[in-house]
Amino acid sequence: MPRLKAEKVRRIKADLCKPGATQPKVAKKHRVSRSAVSDIATERTHKDVPWPDGGPPRKRPGGQRKPIGDYDPTNARILELEADIAHLTEERNRERRKAKAGARDRGLFKAMADVLTDKIVAVKPLPPARQTLSKKGRIEEHCVMHISDGHHDQIVRPEECAGLEHYDFPISCCRAERYVDRVIQWTQQTLHPQFRFTHLWVLAYGDFTSGEIHDHSQRSYFRNQFKNVMAIGKLHALMFRDLAPHFGQVNVIYVPGNHGRRSKKKDYYGAHDNWDFLIAELARLYCADINNMQFVIPDAFSVNLDVGGVGFNISHGDDVRGSLGIPYYGLQRRQRSLTALGHTQDGPRIRYFCCGHFHKPGIVGDMDGEMLVNGPWVATDAYAFNAFAGYTEPSQWLHGVNVKYGITWRLDVKLRDRAHEAQGPQRYKIELEP
């Protein structure tokens, strides 16, 4: 392109300085390209030609925009179009959030689970141990055991809490052995003459690990969060392996808690972005060869279940606000709200709502339903003891479910046996490779 003469450049600069001038208009007037006018305006070329009044025109914020003609903001058509734009913007944002959650679901933990699929060696199933007795005159029920707030990788030293608790991963393994023994003893011996338990339901709802929040992983048993979840996943699998021979079908349902999350605050679109999810996947992989076991690991923080014809809802419970113990009023409000929504849901009406989180076992009854609050595996720690003198005897719920009567019996299984814990675990000796 031939170089513009100085006189023409001077006229272009003069026109650019006029009010309301735009580069496209100036380019069209002087029959030059838009890029040539832009180079002159930004002084990439023809710096030697002076500007009128001593300098280039001041750049307007917002770039070059076409002038907007007069319009009536009350016009029905304009209002309709603006409403459509707002609706489409909200829909786009929703889809972006879904895509983000989906990407996270296929992210770190999903990738770990996929890699571990070929690395995990499944535990060997045990032979059936169920006694074949006549069904006549025996009550048929489903057995339900709860697992939550294990914090299996946490370390609690006696000197931190006036000697009220001593806890670490081997001790949690001892308590797992005691829990499994009590379930088998209660269902296969104590209640066996009158009851017949066809199904075992394991409701596992979070905080199996203390996670990374508050730097817990730096004070954990293995000092490595990935090793922590590997060990906890295998511990759960060994528990399920020992229980499976005594029941016709074992259904295990996992939802995550709050300690396993990886985000600073709870992300309601990222249930699988949680160390508890990886623990559940590891337990499932370890139990892959046990034929009468089924795992349900939804991408959700709560789930509704049909347990032998009776409706259950399980969640970790960290969304219920409270302080110092069990927030009964918050639990009642949550139960009433979920009960009110029951007629809109498929399956049996929800009668029982199960949660943990508060480390205080209890039952909150309202209307014709109940809120079951599960106990912890660890009695207290430095924070609970020093902040509000918190202490709870380690326990987990176990109960039977009848299609006609709902929950018929319940047992608050005490997990701690000091003599057993002093000897260390007998069956669940888990060692990880360095």
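Keep in mind the model is a prediction, meaning the values are calculated, not measured.

Trainee: Looking at this structure, I do not really get the overall build of the protein chain. What am I missing?
Mentor: Assigned secondary structure in the protein chain consists of 11 helices and 11 strands. Taking all 434 residues of the protein chain together, the buried fraction comes to 47%. The long-range fraction of contacts in the protein chain, counting pairs at least 24 apart against all pairs at least 6 apart in sequence, stands at 74%. Total accessible area on the protein chain stands at roughly 23300 Å², and carbon and sulfur atoms take up 52% of it.

Trainee: In this structure, what is going on with unusual backbone geometry? I would like to understand it.
Mentor: Trans is the prevailing form of peptide bonds, just as negative phi is the prevailing case for residues other than glycine. Despite not being glycine, aspartate 207 has its phi angle at roughly 60°, a positive value. Relative to the elements of secondary structure, aspartate 207 occurs in the loop between β2 (195-204) and α7 (225-243). On the basis of relative accessible area, aspartate 207 is assigned to the buried category, the value being 1%.

Trainee: Mind showing me how you'd approach the sheet that holds strand β6 (residues 310-315) here?
Mentor: Working definition: the strands of a sheet are paired by backbone hydrogen bonds and lie parallel or antiparallel to each other. Judged by pairing direction, the sheet is mixed, and its five strands sit side by side in the order β5-β6-β7-β9-β8 without closing on themselves. Each end of this open sheet is capped by a strand with a single partner; those strands are β5 (302-307) and β8 (362-366). Across this sheet, the average inter-strand angle for adjacent strands is 20°, counted without regard to direction. When β5 meets β6, the two strands line up antiparallel, connected through six bridges. Residue pairing across strands places leucine 305 opposite phenylalanine 312, the latter belonging to β6.

Trainee: How should the confidence of the model for the protein chain be read in this particular structure?
Mentor: Per-residue pLDDT for the protein chain averages 87, and the proportion of residues at 70 or more is 88%. No element of the protein chain has a lower mean pLDDT than helix α5 (residues 108-116), at 68, and none a higher one than strand β3 (residues 249-254), at 98.

Trainee: Just checking my understanding: could you explain the sheet that holds strand β1 (residues 139-147) for this structure?
Mentor: Taken together, six strands build an open sheet; the order of strands is β4-β3-β2-β1-β10-β11 and the sheet is mixed. The sheet is open, and its two borders are formed by β4 (293-296) and β11 (406-414), each paired with just one other strand. Mean inter-strand twist for the sheet, computed between neighbouring axes without regard to direction, equals 20°. By the bridge criterion, six bridges tie β2 to β3 in an arrangement that is parallel. The residue bridging valine 202 from the neighbouring strand is valine 252, located in β3.

Trainee: Looking at this model, I keep getting lost on the packing of aromatic side chains. Mind explaining?
Mentor: Each pair of aromatic rings is reported with the distance of its centres and the angle of its planes. For the structure shown, the criterion picks out 13 aromatic pairs. Summarising the aromatic geometry, the rings of tyrosine 179 and tryptophan 377 are spaced 6.3 Å apart at their centres and angled 80° between planes, so their arrangement reads as edge-to-face. One end of the pair, tyrosine 179, is in helix α6 (residues 169-190); the other, tryptophan 377, is in the loop between β9 (369-373) and α10 (382-388), and 198 residues separate them in sequence. Neither tyrosine 179 nor tryptophan 377 differs from the other in exposure class; each is buried. Ring geometry for tyrosine 383 and phenylalanine 388: centres 5.9 Å apart, planes at 85°, overall edge-to-face. In textbook terms, an aromatic cluster arises when at least three aromatic residues are bridged by ring pairs, as seen for Trp186, Phe195, Phe197 and Trp409. Lying across the ring of phenylalanine 301, lysine 266 places its NZ or CZ 4.3 Å from the centre. Sitting above the plane of the tyrosine 428 ring, arginine 427 keeps its charged end 5.0 Å from the centroid.

Trainee: Hey, could you run me through the nonpolar core in this one?
Mentor: Across soluble globular proteins, nonpolar side chains have a tendency to be buried as a group. Met145, Ile147, Tyr179, Met239, Phe240, Tyr254 and Met293 are the most contacted members of the largest nonpolar core, which totals 61 residues. Taken together, the elements giving at least two residues each to this core come down to β1, α6, β2, α7, β3, α8 (275-286), β4 and β11. The biggest single contributor to this core is α7, with 10 residues. Beyond its immediate sequence surroundings of up to four residues, methionine 145 is in contact with Tyr179, Val183, Leu200, Trp201, Val202, Leu203, Leu243, Trp397 and Leu398. Formed by 17 residues, the second largest nonpolar core is a distinct cluster that contains Tyr205, Val310, Ile314 and Leu372.

Trainee: Is there a simple way to think about the side chain of aspartate 381 in this case?
Mentor: Secondary-structure assignment places aspartate 381 in the loop between β9 and α10. One buried charged residue, aspartate 381, forms no salt bridge at all, with the nearest opposite charge on arginine 219 at 8.0 Å. One polar contact links the side chain of aspartate 381 to the main-chain amide nitrogen of tyrosine 383, over a distance of 3.2 Å. A polar side-chain atom of aspartate 381 sits 2.8 Å from the main-chain amide nitrogen of alanine 384. Setting aside its immediate chain neighbours within four residues, aspartate 381 contacts Gln154, Val156 and Cys161.

Trainee: So what exactly am I meant to see when it comes to the pairing of strand β7 (residues 350-355) here?
Mentor: Both faces of the sheet carry side chains from a regular strand, because those side chains alternate between them. Of all six residues making up β7, five are buried, and the element is well covered by its neighbours. Where β6 lies against β7, four bridges are found, and the strand directions are parallel. Counterpart to glycine 311 in the pairing with β7 is isoleucine 350. When β7 meets β9, the two strands line up parallel, connected through four bridges. In the strand pairing of β9, tyrosine 352 is matched with glutamate 370.

Trainee: Got a minute to help me understand the side chain of threonine 187 in this structure?
Mentor: Tracing the sequence through the fold places threonine 187 in helix α6. Among the polar contacts made by the side chain of threonine 187, one reaches the main-chain carbonyl oxygen of valine 183 at a distance of 2.7 Å. Among the polar contacts made by the side chain of threonine 187, one reaches the side chain of glutamine 188 at a distance of 3.1 Å. When neighbours within four sequence positions are excluded, threonine 187 is seen to be in contact with Cys143, His192, Phe197 and Phe247.

Trainee: Teacher, can you tell me more about the packing of α6 against α7 here?
Mentor: Working note: a packed helix pair is described by the angle between its axes plus the distance between those axes. Taken N-terminus to C-terminus, the directions of α6 and α7 make an angle of 20°; their axes are 10 Å apart at the nearest point. Viewed along their axes, α6 and α7 adopt a mutual orientation that is roughly parallel. Seen from above, α6 lies across α7 with right-handed handedness. Mapping the contact onto sequence places Phe169, Ser172, Cys173, Ala176, Tyr179, Val180, Val183 and Ile184 in α6 and Ala231, Ile232, Leu235, Met239, Asp242 and Leu243 in α7. For the contact of α6 with α7, a count of residues per class yields 12 nonpolar, one polar and one charged.

Cut-offs applied
- Residues numbered from 1 in each chain as written.
- Predicted model: local features only at pLDDT ≥ 70, side-chain atom pairs only at ≥ 80, totals over all residues.
- Heavy atoms only, no water.
- Helix = DSSP H or I, 4+ residues; strand = E, 2+ residues; numbered from the N terminus.
- Buried < 20%, exposed > 50% of the residue type's maximum accessible area, 1.4 Å probe, protein only.
- Contact = heavy atoms within 4.5 Å.
- Areas by Shrake-Rupley, 256 points an atom, 1.4 Å probe, with all protein chains shown as cover.
- Pairing = 2+ DSSP bridges.
- Axes fitted to C-alpha atoms, helices over the stretch in contact; angles between N-to-C directions.
- pLDDT = per-residue confidence, 0-100.
- Phe/Tyr/Trp six-rings, centres within 6.5 Å; stacked < 30°, edge-to-face > 60°.
- Lys NZ or Arg CZ within 6 Å of the ring centre and 35° of its normal.
- Core = buried A, V, L, I, M, F, W, Y, C linked by side-chain atoms within 4.5 Å.
- Lys, Arg positive; Asp, Glu negative; His and termini not counted.
- Salt bridge = Lys/Arg side-chain N within 4 Å of Asp/Glu carboxyl O.
- Polar contact = N/O pair within 3.5 Å; in protein donor to acceptor, adjacent residues only side chain to side chain.
- Parallel < 35°, antiparallel > 145°, perpendicular 65-115°, else oblique.
- Left-handed = near helix turned anticlockwise from the far one by under 90°.
- Nonpolar A, V, L, I, M, F, W, Y, C, P; charged D, E, K, R; others polar.

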